[in-house]
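Listed below, chain by chain, are the residues.
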Amino acid sequence: MVEATRRLGRSGIAVSALGMGCWAIAGPWTVGRTPLGWGAVDDEESVRAIRRALDLGVTLFDTADSHGAGHGERILGRALGGRRDEAVIATKWGYTFDERTRQAIGPDASPAYLRRAVRDSLRRLGTDRIDLYQLHLADLPVPRACELIGALEDLVADGLVRAYGWSTDRADRAAALGHDAPHATAVQHSLSVLRDAPDLLAVCEKYDLASVNRGPLGMGLLTGKYRPESVLPRDDVRGMTSGWLEWFRGGRPAPEWLRRVQAVRAALTADGRTLAQGALGWIWARSDRAVPIPGCRTVAQVEENAAALALGPLAADHFAEVERQLAALRAAALREADRPYWPSPMLPTARP
């Protein structure tokens, strides 16, 4: 069994070892005609899923203000009504949007926008504080990010934010935050059995930061439900062709990634786990700072993921077999040129 709670970096905030990612339940929003959501959602099922996660001991819920152009935060706030003190809310800012048209507009890295964005998020979430507030602009240059620290510290002093972090796959960005920002406590980055992140994990260890892991199930590939002939709906972000979204291509699962899933399936499921539970167990075996946040759309998905908590980290021999199977593939995938653009789709002005 994995420890029921983990410390959220140097903040000392206690969170469940498993979180819930809320991108998939945020509903549709677009940049132009290009979808950025996971298609149509059932808000009532989303609310039930969040509440079921709480019932099963999941306390960390991760969203972003731009997800669903604000709708994701509203649904999370509604689901947590009356149970706010049981949850740790993580959200993000940095991408602007139009709530009425559900259109993404572009990035804004200014301190003035940060101060507006946090109050808008508090209103949509129906809460008086955000537990983990994360910069969503993954590739923002370090000097520009450091200009935000003063405003973030003011938000902490005012009690609006308990701690903050950066959602980025760039180790230099994470290190700068860990070194310079007093109340920085977490880095959200991509981590899964298919894509390791040793550089980010090393930064988290060095600066006592939590490793919050997006994509722990490869956007669904590590659930085992996709086959080579599977086709994603046109209103699903995974159904678009984009350089930053590596797991799917042309609306279908990428064949090379399906082959990698098949290569590790036996080791991940050897002790009776489902494939998804094995993938989560690999992350817990990889680092005791890691908190995976798999996305969930239904109560059934929440229940399957939460059951992994009782199974705990992958056994040492099964973990070693996974590493043996993926060693050569992972070495190639860690090349900087092969990294996906995370954590947000590439908008026209996404890279400063």
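So, here is what we can say about the structure in this document. None of these values were measured; they are calculated from a predicted model.

Every α-helical turn comprises 3.6 residues, leaving residues that sit three or four positions apart pointing alike. The first and last C-alpha atoms of helix H1 (residues 43-55) sit 18 Å apart over 13 residues, in line with the 18 Å expected at 1.5 Å per residue. Of all the positions in H1, only Glu45, Ser46, Val47, Ala49, Ile50, Ala53 and Leu54 are classed as buried. Close packing links the buried residues of H1 with strand S3 (19-21), strand S6 (60-62), helix H2 (71-79) and helix H10 (299-311). A side-chain oxygen of the first residue of H1 lies 3.0 Å from the backbone nitrogen of Glu44; this N-cap is Asp42. Gly57 occupies a position one or two residues after H1 and carries a positive phi of about 95°.

Here we come to H2. Taken across its 9 residues, H2 has 7 buried, putting it largely inside the fold. Within H2 the residues assigned to the buried category are His71, Gly72, Glu73, Ile75, Leu76, Gly77 and Ala79. Structurally, H2 contributes buried residues whose contacts are with H1, S6, strand S7 (88-93) and helix H3 (111-125).

Now for the packing of H2 against H3. The contact between H2 and H3 brings their axes to 7 Å, and the two run at 45°. If you check the angle between H2 and H3, you find them oblique. Residue-level contacts link Glu73, Arg74, Leu76 and Gly77 of H2 to Ser121, Arg123, Arg124 and Leu125 of H3. Class assignment for the residues of the contact of H2 with H3 results in 2 nonpolar, 2 polar and 4 charged.

What follows covers the environment of Val47. Mapping Val47 onto the fold places it in helix H1. Spatially, the C-alpha atom of Val47 lies 26 Å from that of Gly165, the residues being 118 residues apart in sequence.

This part takes up the sheet that holds S6. Pairing in this open sheet of 8 strands is parallel, and the strands run S3-S6-S7-S10-S11-S12-S13-S16 from one edge to the other. With one partner strand each, in any of the chains shown, S3 and strand S16 (290-292) form the two edges of the open sheet. Neighbour-to-neighbour, the strand axes of the sheet open up by a mean angle of 25°, direction not taken into account. Here strand S12 (residues 184-190) runs beside strand S13 (residues 210-214); their pairing, made up of 5 bridges, is parallel. Each bridged residue has a counterpart across the sheet, and for Gln188 the counterpart in S13 is Val212.

The next subject is the pairing of strand S11 (residues 161-167). Most of S11 is tucked away: 6 of the 7 residues are buried. As defined by bridge partners, strand S10 (residues 130-135) adjoins S11 across 5 bridges and the pair is classed as parallel. The residue bridging Ile130 from the neighbouring strand is Val161, located in S11. Pairing analysis gives 4 bridges linking S11 to S12, with the strands arranged parallel. Along S12, the bridge assignment pairs Tyr164 with Ala184. The parallel pair S11 and S12 is bridged by helix H6 (residues 171-180), and the resulting crossover is right-handed.

How each quantity is defined
Residues numbered from 1 in each chain as written. Predicted model: local features only at pLDDT ≥ 70, side-chain atom pairs only at ≥ 80, totals over all residues. Heavy atoms only, no water. Helix = DSSP H or I, 4+ residues; strand = E, 2+ residues; numbered from the N terminus. Expected span 1.5 Å × (residues − 1). Buried < 20%, exposed > 50% of the residue type's maximum accessible area, 1.4 Å probe, protein only. Contact = heavy atoms within 4.5 Å. Polar contact = N/O pair within 3.5 Å; in protein donor to acceptor, adjacent residues only side chain to side chain. Axes fitted to C-alpha atoms, helices over the stretch in contact; angles between N-to-C directions. Parallel < 35°, antiparallel > 145°, perpendicular 65-115°, else oblique. Nonpolar A, V, L, I, M, F, W, Y, C, P; charged D, E, K, R; others polar. Pairing = 2+ DSSP bridges. Right-handed = clockwise from strand over helix to strand, strands pointing away.

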